[in-house]
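Examination of the molecular architecture
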2 protein chains.
Amino acid sequence: MEREAAELFEEFKELTASEFFRRNKQMLGFSGKIRSLTMVFHELITNSLDAAEEAGIQPEITIDLKRVDKDHYILKHTDNGPGIPEAFITRVYCTMFAGSKFRNIQSRGQQGLGCSGCVLLSQMTTGKPARVVSRYYEGEKLKGVEMTFKMDVKKNQGLILERKAVEVKSTGVSLELHFKDVSYSLSEQGAYEYIRRTVIANPHARIRFRDPTGHKFIFERATNEIPPLPKEVLPHPRGVTADDLIFMAKHTDKRRFRSLLTSSLSRMSTNRVNEIQKITGIDLNKRPKDMKWEEAEQIVDLFTRMDFMAPPTSGLIPIGKAQIEKGMREILNPEFVATTTRKPKTYRGGVAFVIEAGISYGGESGRPVGEQKRAEIMRFANRVPLTFDQGSCAITEGLKSIDWKRYGIRDLENAPITVFVNIVSTNVPYLSTGKQSIAPEPEILHEVRQATMKISRSLQKYLRAKKSAQEEAMRSKVFETYVPVILREAAVLAGKDVPEYDTILAKVTRKPKILGDAHDE
Amino acid sequence: MEREAAELFEEFKELTASEFFRRNKQMLGFSGKIRSLTMVFHELITNSLDAAEEAGIQPEITIDLKRVDKDHYILKHTDNGPGIPEAFITRVYCTMFAGSKFRNIQSRGQQGLGCSGCVLLSQMTTGKPARVVSRYYEGEKLKGVEMTFKMDVKKNQGLILERKAVEVKSTGVSLELHFKDVSYSLSEQGAYEYIRRTVIANPHARIRFRDPTGHKFIFERATNEIPPLPKEVLPHPRGVTADDLIFMAKHTDKRRFRSLLTSSLSRMSTNRVNEIQKITGIDLNKRPKDMKWEEAEQIVDLFTRMDFMAPPTSGLIPIGKAQIEKGMREILNPEFVATTTRKPKTYRGGVAFVIEAGISYGGESGRPVGEQKRAEIMRFANRVPLTFDQGSCAITEGLKSIDWKRYGIRDLENAPITVFVNIVSTNVPYLSTGKQSIAPEPEILHEVRQATMKISRSLQKYLRAKKSAQEEAMRSKVFETYVPVILREAAVLAGKDVPEYDTILAKVTRKPKILGDAHDE
């Protein structure tokens, strides 16, 4: 009855990344029809914005979503980025865990799964190949290539079906994918809302979208400023682990550990290295590969006790308070907006981040529920909308912990308010594969609270002023109604003519309104 | 200022699965100190139980967790399974996406990430190698090998440091791993509770656990029955997609599509295949590789309209109501238990599953919060405790939707009640990588509700009977207290002797208690 080990291992095998995710597509966020389509929009828009900005181009995206049949859609996604050199096209779209974003740089994508995940989903639901036109410069020459290909799941690579050179006039990528078992929805978690939020957080981008009913939406730029290009920054000593040091040591081309340290970490001068050598007694002239784990641990432990300058923040490019305000005004058309961008802070000892927040009131703020408006929380990471898994997210937790009554908001849930929060970091601590929620690190929670409380105070001032203006108006109205009556009756009693009172009365009662926006510095 | 494509692709590279998860360990459930350790326990226990059962052995696991230093632990995990042949040891522990569980069979693990994930975490936090002793039969001969190895993350494979043959007396695997940045906790999400719940759902397993304080827990078997071995079942036609058919066709060794269908799907007879050929007009004698996507879609579409017998349920091995009761009695020592195992149902048209549930009251049911007891929900999938992400889980949702007041439970939250729910399936629809919550498929929600409502009715009867017994006892007590007084006074009034009333009174008042357990069939 008992079976021996060899028999049980007969079926032992190894999967490729594509095979693995084909069996576990929910790990890519593809679960449910609405969410699946939103994730596709997310991956493609994210890639287009990153590519254009990296190349120094003002992003422009055109999306056309056609419904062919119930649950069967064709998505055409075109951008004006730098394009993809021919040799990389199938690697970008058909090889999972491949990408150019594995650096310590602030970018929207981080994982090398986005585009290839969309191609996988398309293929799994429709069996149709992907079609790509890439337009790119090779030296001075503008080239164009059109390809159709499938993903060879067992090999985790592309299988080109057709390929031809095409005439092109500008750079960019067009991608055409078929999808079934997905669904376009106007709900908060649907694809349309995803685009709307993207535009709020990216006022420098233009997005044209044609929805399945044929309706065309044009989200115009609210600003022409291209955000400065984030720079790759070296990791801060407080942000590395012993494992990171050993990993760097194993794969470096430096000859000595001391030069590895100064060239791979920020805030690490020769003086600092000498100090480390002196305190730990470790010979830092040794070859990187000879570094022992215990030594790496000693060094990392010392890092936590040394005083370092905060991480360089040149790598962090926040949207900026003025730009957030433009984005919110453009899309929400509110009565009132206040925004703030906090100074850079660090979490886990050495990873820099910035929290920015905006709050708007009235207009199209809040989400409509029947005739009512409910408060709406828009979460972003590096300008990317986070649509799902809000429950466990640091932004949600931070906002929930605020005592809104102190800011004159009795019932946040039922107020026409939109709260916008963006976290900017080279290393956003996501909680899950779907990249939809942020780990509640204490420093992040603190900054979310501080940012939101600051702009909430501005809103409170506005609401107070609005209320007292309304009361003032009410008093004026009473005055305006009764004064003429009194004047007339008094004139009759006195046996005189009724005096000309209109001009004087207007001067007394019609005070200029004191409404307006609060701006903090 | 604009940059060309080639420049942006200079950094393009491909990661191995190990490299990817090294950068994204939270995707393996390793986030937070307590959760990380619980996930390690989960992966190792799960693997040991699966291996022993597959080999037809009654599982016995010994775990020793030593605290070496603050946050630094050494974990020794030993099982009595069939062992791992030497050639597979580093593949099991150092190659991600490798495993023997990628079949359509009910097993606890499914993803080929468990053991290797633990080795990765150990290495990332301590730099220490893993030590394994594997004891296994090769033919008639019992072999033993001891190895220490590291994971070569860039290659996604093991790097053996030491290896020697050892004398052994029985089969099994012992694994020793170091961990830092983890934490042992007695909380609901901690490692101890994980073991306790495992034992409830696996009353045939014996687990010995020595905690960091040196305290030894021995969880004895509540039963000696080994659960029958689940059989691999062919997928049901209603459970396959067009992509599945094309994938099978591409990788089969069958010559004709008709034999692929009959040999790869359950409930698929030659008659059935003829019927499919007739209705669709597709020539099923063609070679599998010539099957077109549109044809596969036509066939899958027809599957949804044909009448099939439900999927074979020989692949599903529930714990069974009697065994669940034994498990709950052994660990919770309750006043009352009711359990049920539902008949197999299917979700998404063709994936078979079974829901079983238990409810216990009193004793150590519920979770203690200070002096009070709160209701406790224990979720399981194929006997594996689900500890995190309860919010979005089908089991939680199903239970929340029950109107508990109808079952005599005014305030579930504050009752000394434990609710146990297990889903059994060859294909548990997990929501996330961490395998901690179950997709709320309508059929699963329905079954969770039905199972729980059934046992809740038994609990209601018990609580009613208990209440009326208490009232009865109260009345008896009143009777017992006053009758003698009346008798004595009456005797005095009548000038007679007080009669001997004890025996008669006892007969009238001390009714046998009607308390007991409800058993449903």
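Residues numbered from 1 in each chain as written. Chains lettered and ligands numbered in written order. Predicted model: local features only at pLDDT ≥ 70, side-chain atom pairs only at ≥ 80, totals over all residues.

Details of the overall build of chain A
- What chain A contains, in helices and strands, is 14 helices and 18 strands.
- Going through the 521 residues of chain A one by one, you find that 46% of them count as buried.
- A fraction of 73% describes how many contacts in chain A between residues 6 or more apart in sequence connect residues 24 or more apart. (Helix = DSSP H or I, 4+ residues; strand = E, 2+ residues; numbered from the N terminus. Buried ≥ 20, exposed ≤ 12 C-beta atoms within 10 Å, placed from the backbone. Contact = placed C-beta atoms within 7 Å.)

Looking at the sheet that holds strand 8 (residues 172-179) of chain A
All names here are of chain A.
- The strand order across the open sheet built from eight strands is 7-6-5-8-3-2-9-10, with neighbouring strands paired in mixed fashion. Single-partner strands in this sheet number two, and they are strand 7 (157-165) and strand 10 (216-219). Averaged over neighbouring strand pairs, the angle between their axes works out to 15 degrees when direction is ignored.
- The pairing of strand 5 (residues 130-138) with strand 6 (residues 141-152) spans nine bridges and is classified as antiparallel. For E138, the partnering residue across the bridge sits in strand 6 and is K141.
- Against the sheet, helix 3 (residues 33-54) engages strand 2 (60-69), strand 3 (72-79) and strand 8, with an angle of about 10 degrees to strand 3.
- Contacts from helix 6 (residues 191-201) reach strand 9 (206-210) and strand 10 within the one sheet, and its direction differs from that of strand 9 by about 165 degrees. (Pairing = 2+ DSSP bridges. Axes fitted to C-alpha atoms, helices over the stretch in contact; angles between N-to-C directions.)

What to know about the interface of chain A and chain B
- Taken together, the contact between chain A and chain B spans 52 residues of the former and 52 residues of the latter.
- Residue composition of the side of chain A that touches chain B, by class: 28 nonpolar, 14 polar and ten charged.
- In this sheet, strand 4 (residues 98-99) of chain B lies alongside strand 1 (residues 13-14) of chain A in antiparallel orientation, the contact comprising two bridges. Considered in strand 4 of chain B, the bridge of E14(A) is made with A98(B). (Nonpolar A, V, L, I, M, F, W, Y, C, P; charged D, E, K, R; others polar.)

A look at the pairing of strand 2 (residues 60-69) of chain B
Residues and elements named next belong to chain B.
- The sheet contact formed by strand 2 and strand 9 (residues 206-210) spans five bridges and is parallel. Bridge pairing in strand 9 links T62 to R208.
- With eight bridges joining them, strand 2 and strand 3 (residues 72-79) adopt antiparallel strand pairing. Note on strand 3: the bridge partner recorded for I63 is H77.
- Joining the antiparallel neighbours strand 2 and strand 3 is a turn of two residues, in which D71 adopts a positive phi near 65 degrees.

Let's talk about the sheet that holds strand 3 of chain B
Residues and elements named next belong to chain B.
- Strand order in the open sheet formed by eight strands is 7-6-5-8-3-2-9-10, and the pairing between neighbours is mixed. Only two strands of the sheet have a single neighbouring strand rather than two, namely strand 7 (157-165) and strand 10 (216-219). Strand-to-strand, the axes of this sheet are offset by a mean angle of 15 degrees, without reference to chain direction.
- Judged from the four bridges that link them, strand 9 and strand 10 form a sheet pairing that is antiparallel. Bridge pairing in strand 10 places F209 opposite F217.
- On top of the sheet, helix 3 (residues 33-54) reaches strand 2, strand 3 and strand 8 (172-179); it is set at about 10 degrees to strand 3, its chief contact.
- Its contacts with the sheet place helix 6 (residues 191-201) against strand 9 and strand 10, and it is angled at close to 165 degrees to strand 9.

Brief notes about the relation of the copies chain A and chain B
- Expressed as a screw transformation, the operator carrying chain A onto chain B has a rotation angle of 180 degrees and an axial translation of 0.1 Å, and the superposed copies differ by an RMSD of 0.2 Å. In short, the pair behaves as if placed about a two-fold rotation axis.
- Most of the interface of chain A is mirrored in chain B: 100% of its interface residues are interface residues there too. (Least-squares fit on C-alpha atoms with pLDDT ≥ 70 in both.)

Details of the domain arrangement of chain A
All names here are of chain A.
- Here the domain parsing of chain A yields domain 1 (17-219), domain 2 (237-305), domain 3 (321-461) and domain 4 (463-509).
- Inter-centroid distance (C-alpha atoms) of domain 2 to domain 3 is 38 Å.
- Counting residues at the interface gives four residues for domain 2 and five residues for domain 3.
- In terms of residue class, the side of domain 2 that touches domain 3 is built from one nonpolar, two polar and one charged. (Domains from an automatic or database assignment.)

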